[in-house]
Amino acid sequence: MRDFSQNIDWLSINTATIRKQHGQEVALNTLLDQCAAAGIRAVSPWRDQVAAAGLQATAAQLRAHGMALSGYCRGGFYPAADKAGLQAALDDNRRAIDEAKTLNSACLVMVVGALPGALEGKPHYTDIGRARQEVVDGLAASLEYAREVGMPLAIEPLHPMQAADRACINTLEHALDICDALDPEATGALGVALDVYHVWWDPKLAQQIARAGAKRLLAYHVCDWLTPTTDLLQDRGMMGEGVIELKKIRQWVEAAGFAGYSEVEIFSQRNWWQRSGDDTLQACKQAHQAVV
């Protein structure tokens, strides 16, 4: 296993981690400057942030800072109430693939979606089997274009608590089954983004990480699971604050062949989003070296 204790060479910051500071939204160009000043050499920005900052301006700023992208957030959300909605999702994912390519991302992270309308409290249907089939169909269509442009797609299985509204793929095993069905030769075009927050509890985790191997493990996200958790979306902990066995999971991931960045992705309405970006980045650096 790589020794992270001496430097932060393999630390990436998902910009969600510092997108709010002192409770206020901060522009992407400011976030990237803060990361560069802190010696961070990789990031993973969100599409809405890039849209606000401008795609070409963001690409230029990343080049100026010499920053890599460990991933780009996010594609997916395929299920829809009707054919027009399904087509709109495919069109949007095509745009996301193009954006990720422009930014030279390592992959496009796919949060696949679930029951359409559920996020707004009004699901158009409750057939999760239908949603899962629409996800598979959507991924197959997006994969065809992604192969053409050379942008790997990384399915991110989400915790079962988000099965209704954000992602109906909830285990690493399920994500890998889809990868095997759509990319049986494991070409590297389709894989997974492994977020410890979503999968740490899975009794099959070690087995499925080994199954994934280097060709399927496209991104690795870290944070911690707090007890008690006060908000299922926005109460993630800094690494070392919770119960996730971070070093053990990274050992499994690296034994399977993953050699990329450990990307810190923390949504923290009550704690880290109330602090300065500099303080949060310093904490990320310390935790990366000590407990990741």
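The following paragraphs examine the structure supplied in this document. (Residues numbered from 1 in each chain as written. Predicted model: local features only at pLDDT ≥ 70, side-chain atom pairs only at ≥ 80, totals over all residues. Heavy atoms only, no water.)

**Points about the overall build of the protein chain**
We apply this condition: Segments assigned H or I by DSSP are reported as helices when at least four residues long, segments assigned E as strands when at least two residues long, and all are numbered from the N terminus. What the globule rule says is 2.2 Å times the number of residues to the power 0.38, and the radius of gyration is computed from C-alpha atoms. The contact rule is simple, with two residues in contact once any of their heavy atoms fall within 4.5 Å. Think of it this way: Lys and Arg go in the positive column, Asp and Glu in the negative one, and His and the chain ends go nowhere. Where a charge lies is defined by one atom per residue type: Lys uses NZ, Arg uses CZ, Asp uses CG and Glu uses CD.
In terms of regular secondary structure, the protein chain is built from ten helices and 13 strands. Here the C-alpha radius of gyration of the protein chain, 18 Å, is about what a compact globule of 292 residues would show, namely 19 Å. The contacts in the protein chain between residues at least 6 apart in sequence include a share of 79% that link residues at least 24 apart. For the protein chain, the distance from the average site of its 27 positive side-chain charges to the average site of its 35 negative ones is 1 Å.

**Brief notes about the sheet that holds strand S9 (residues 190-195)**
For clarity, the cut-off: Two strands are said to pair when DSSP picks up at least two bridges between them.
Strand order across the open sheet formed by nine strands is S5-S4-S1-S13-S10-S9-S8-S7-S6, with parallel pairing between neighbours. For this open sheet the edge positions go to strand S5 (68-69) and strand S6 (72-76), each flanked by a neighbour on one side alone. Bridge analysis of S6 against strand S7 (residues 108-111) gives four bridges, and the strand direction is parallel. What sits directly across from Gly75, in S7, is Met110.

**Observations regarding helix H3 (residues 55-65)**
Cut-off, in case you're wondering: The classification of residues rests on relative accessible area computed with a 1.4 Å probe and restricted to protein chains. Under 20% of the type maximum is buried, over 50% is exposed, and intermediate values are partly exposed. By definition, the arc is the one covered by directions from the helix axis to the C-beta atoms.
Every buried residue of H3 is accounted for by Thr58, Ala59, Gln61 and Leu62. In a view along the axis of H3, the buried residues occupy a sector of 165°, so they form one face of it. Pointing more than 90 degrees away from the buried face of H3 are the exposed residues Gln56, Arg63 and Ala64. Looking at the packing, one finds that the buried side of H3 touches helix H1 (28-37), strand S4 (42-44), helix H2 (47-53), S5 and helix H4 (83-102). Looking one or two places after H3, you find Gly66, whose phi comes out positive at around 65°.

**Brief notes about unusual backbone geometry**
A cis amide bond, omega 0°, links Cys73 with the succeeding residue Arg74. Within the secondary structure, Arg74 is located in strand S6. Cis geometry is adopted by the peptide bond preceding Pro228, which originates at Thr227 and carries an omega value of -5°. Position of Pro228 among the secondary structure elements: in the loop between strand S11 (224-225) and strand S12 (236-237). With a phi angle near 55°, His22 is a residue other than glycine that sits in the positive phi range.

**So, helix H6 (residues 172-182)**
Within the span of H6, buried status applies to Leu172, Ala175, Leu176, Ile178 and Cys179. Seen along its axis, H6 keeps its buried residues to an arc of 155°; they face one direction. The elements touched by buried residues of H6 are helix H5 (128-149), strand S8 (153-155), S9 and helix H8 (205-216).

**A closer look at the packing of H1 against H3**
Note the cut-off: Comment: axis = line fitted to C-alpha atoms, over the contacting stretch for helices; angle = value between 0 and 180 degrees taken between N-to-C directions. Any angle that falls under 35 degrees is termed roughly parallel, while one over 145 is termed roughly antiparallel, one within 65 to 115 roughly perpendicular, and all others oblique. In the scheme used here, Gly and all other residues not listed as nonpolar or charged are polar, with Ala, Val, Leu, Ile, Met, Phe, Trp, Tyr, Cys and Pro taken as nonpolar and Asp, Glu, Lys and Arg as charged.
Across the interface, H1 lies against H3 with an axial gap of 11 Å and an inter-helix angle of 10°. Relative to H3, the element H1 lies roughly parallel. Contacts from Leu28, Asn29, Leu32, Asp33 and Ala36 in H1 reach Thr58, Gln61, Leu62 and His65 in H3. Counted by class, the contact of H1 with H3 contains four nonpolar, four polar and one charged residues.

**A closer look at the environment of Gly188**
By the element assignment, Gly188 lies in the loop between H6 and S9. Sequence separation between Gly188 and Ala214 is 26 residues; the distance between their C-alpha atoms is 8.7 Å. With residues near it in sequence (within four places) discarded, Gly188 still touches Pro152, Asp183, Lys215 and Leu218.

**Quick notes on the pairing of strand S1 (residues 11-14)**
Along S1, one buried face is formed by Leu11 and Ile13 and the opposite face, lined by Ser12 and Asn14, is buried too. Summarising the sheet, S1 and strand S13 (residues 262-264) pair through three bridges and their orientation is parallel. Pairing of Ile13 across the sheet is with Val264, part of S13. By the bridge criterion, two bridges tie S1 to S4 in an arrangement that is parallel. Counted as the bridge partner of Ile13 is Val43 from S4.

**As for the packing of H6 against H8**
Heads up, the condition is: Each helix crossing is assigned a hand: it is left-handed if the near helix lies turned anticlockwise from the far helix by less than a right angle, otherwise right-handed if that turn is clockwise.
Their axes nearest at 10 Å, the elements H6 and H8 cross at an angle of 35°. The handedness of the crossing between H6 and H8 comes out as left-handed. Taken together, the residues of H8 that come into contact with H6 (itself represented by Leu172, Glu173, Leu176, Asp177, Cys179 and Asp180) are Leu205, Gln208, Ile209, Arg211, Ala212 and Arg216. Split by residue class, the contact of H6 with H8 holds six nonpolar, one polar and five charged.

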